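What the coordinates show
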Amino acid sequence: MKTIHLQLLCALLLCTFICFAPGELRAQNKTDDCKPLRRANRNKSWQFQSYSVMESEYQADGNTIRRIHKGKTDSIYVYRTNGKLLNSFLCDQDGLILSPLHLTYFAEGHYLTDSIVPGTGGHLNWYFNRLLYSNAVRLTEDRQGGTKRYYDSRGKDSLWMVHTSGKLRLMTWYHNGEDSVQRRWSGQGLLEYEKTSYTERVWNDNQKLLQYSFDTLIQKKTVKCEKIWHPTGALASVTYHYFGQHCLTWEYYNEKGELIEQSRQGDLGKLWPVATVEAPGEVYRVVEQHEEVIPLFKRELNLKLAELLCRTKVKPAGTYRLIVMLDNAGKLRLRSMEGIAAEVLQPDMATIFNQLSGAKPAKRNGRTYAQLLELTLKISTKVK
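Counting restarts for each chain, with residues numbered from 1 along the sequence as it is written. Only residues with pLDDT of 70 or above have their local features reported here, since the model is predicted, and side-chain atom pairs are shown and tallied only from 80 upward, although totals for entire chains, interfaces and linings are computed over all residues. Processing note: side-chain calculations cover all non-hydrogen atoms of the structure and skip hydrogens and water entirely.

So, unusual backbone geometry
- One non-glycine residue, F128, lies in positive phi territory at about 55°.
- Buried residues are those whose accessible area, probed at 1.4 Å on protein chains only, stays under 20% of the maximum for their type, while exposed residues exceed 50% and partly exposed ones sit between those limits. The exposure class of F128 is buried, given its relative accessible area of 4%.
- Despite not being glycine, L248 has its phi angle at roughly 60°, a positive value.
- Positionally, L248 belongs in the loop between β18 (245-246) and β19 (249-253).
- Among the residues examined, L248 registers a relative accessible area of 11% and is labelled buried. For the purposes of this entry, the term helix denotes a DSSP run of H or I that reaches at least four residues, the term strand denotes a run of E that reaches at least two, and both are numbered from the N terminus.

Observations concerning the pattern of salt bridges
- Here, a salt bridge means any side-chain nitrogen of Lys or Arg that lies within 4 Å of a carboxyl oxygen of Asp or Glu. Per the stated rule, a full pass over the model turns up 12 salt bridges.
- A salt bridge links R143 to E141; the nearest nitrogen and oxygen atoms lie 3.7 Å apart.
- The partner of E192 in a salt bridge is R184, with the nearest N and O atoms 3.0 Å apart.
- Taking relative accessible area as the criterion, E192 reaches 18% and is therefore assigned buried.
- The network of salt bridges with common partners includes R183, E194 and R201.

Observations concerning the nonpolar core
- Formed by 29 residues in total, the largest nonpolar core has its most connected members in W46, F297, L301, L322, M349 and F353.
- Listing elements by their share of this core, those giving two or more residues are β1 (44-60), α3 (294-311), β22 (319-326), β23 (332-338), α4 (342-355) and β25 (367-381).
- In contact with L322, other than residues within four places in its own chain, are L334, S336, M337, M349, F353, L373, E374, L375 and L377.
- Residues belong to a common nonpolar core when they are buried Ala, Val, Leu, Ile, Met, Phe, Trp, Tyr or Cys residues joined through side-chain atoms within 4.5 Å. In this structure, A60, C91, Y105 and F128 belong to the second largest nonpolar core, which totals 21 residues. Contacts between residues were defined by any pair of non-hydrogen atoms, one from each residue, lying within 4.5 Å.

Overview of α3
- Here the expected span of a helix is defined as 1.5 Å times the quantity of residues minus one. The end-to-end C-alpha distance of α3 is 25 Å, a good match for the 26 Å that 18 residues give at a rise of 1.5 Å each.
- Helix geometry: α3 is bent most strongly at L301, by close to 35°.
- Where α3 is concerned, the buried positions are L296, F297, L301, N302, L303, L305, L308, L309 and C310. Throughout, the bend at a residue refers to the angle made by two axes, fitted to the seven residues ending there and to the seven starting there.

Quick look at the confidence of the model for the protein
- For the protein, the mean per-residue pLDDT works out to 85, and 86% of the residues sit at or above 70.
- Confidence of the prediction at every residue is given by pLDDT, a number between 0 and 100. Note that residues 15-29 has pLDDT below 50 and, in this model, 8 contacts with residues that lie over four places away or in other chains.
- Predicted confidence is poor over residues 281-287, with pLDDT under 50, and the contacts of this stretch with residues over four places away or in other chains come to 10 contacts.

Looking at the packing of aromatic side chains
- Between rings of Phe, Tyr and Trp, where Trp is taken as its six-membered ring, a pair exists when centres lie within 6.5 Å; planes separated by under 30 degrees are stacked, by over 60 edge-to-face, and by other angles tilted. Taken as a whole and assessed by the stated rule, the structure comprises 9 aromatic pairs.
- Taken together, the aromatic side chains of F48, Y51 and F297 make up a single cluster linked through ring pairs.

Structural notes on α4
- In a regular helix each residue adds 1.5 Å, so 14 residues correspond to 20 Å; α4 covers 19 Å between its end C-alpha atoms and thus fits that length.
- Taken together, the buried positions of α4 are occupied by A342, L345, M349, I352 and F353.
- In this structure, the buried side of α4 is in contact with β1, α3, β22, β23 and β25.

Put into structure tokens, the structure is as follows:
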């Protein structure tokens, strides 16, 4: 009696497992039980073999960036949304630009143009959401704002210029990345401001000096002295600062140049330099993520290939090359198909990819982008 009960229990468990088997297992059983319409297909197996990325397509700053993967060196094409080609150049696998060019991009609320000269050194800049970069920027130009910033071979600022209505209004020279000389001109072309590493001058419209700041050595300390003049040309005040701290005796004069007040400030002998610490720059690492599509192809695609092999009226054979678009929303679309009887099989194959679900788009720095994939499918003989 116990033996009978045990047999009944096993049968019940087996029935339950079959009735509630996962969908994939049921689908697999369905394809295994399928009898192909063509006798020649009955001992065949059609399966996904491999894939590679042919192209990637990104959206950034109102542009479409198309990247054609060729190995160590990729081709880049930058298009406007209306399809107009803006740039074409080469980059390496990390996104380093290898071609000399003028590259326009969107940053700081407006469009800038970088002049890139690879191999000469220069400024480091990133483009299109950190997709591409260059370490050989020699000039950054804001054509709308009229500014130009030049860089030396070490990437430090070299010269900065501002033009308004075609006239030079501001120019700054740099030495080792630090302001060396800065000059500003009025709309009439008159010099109105000049700043060097140790001095600063301001002139009025009549070219009379209004303000003059300079470094001077007092009590073996470098002190900033500032003199200001009345519009009449008479001296108005003389003040002193040590690392931004008031010091020594300040003097004030009337428009006739007569001393009217003296004010004792901090004792220079008791003042100490005030250190300034700059905040560290942004540290940004490029993190590229490739969503894995191989499990999807080996699971769902192989099942659908088996179903297609079962019902097709042609005789697939050999290797098939498919071009498939994986868009930035995770949708798969068949572009083309090559192989024996491909023109007959392609409509069914297109339906298969339209129905595939679960694909995830590739991501770079958290942003999805489209890929053009090349898939290899192979017909093989089943091993009995």
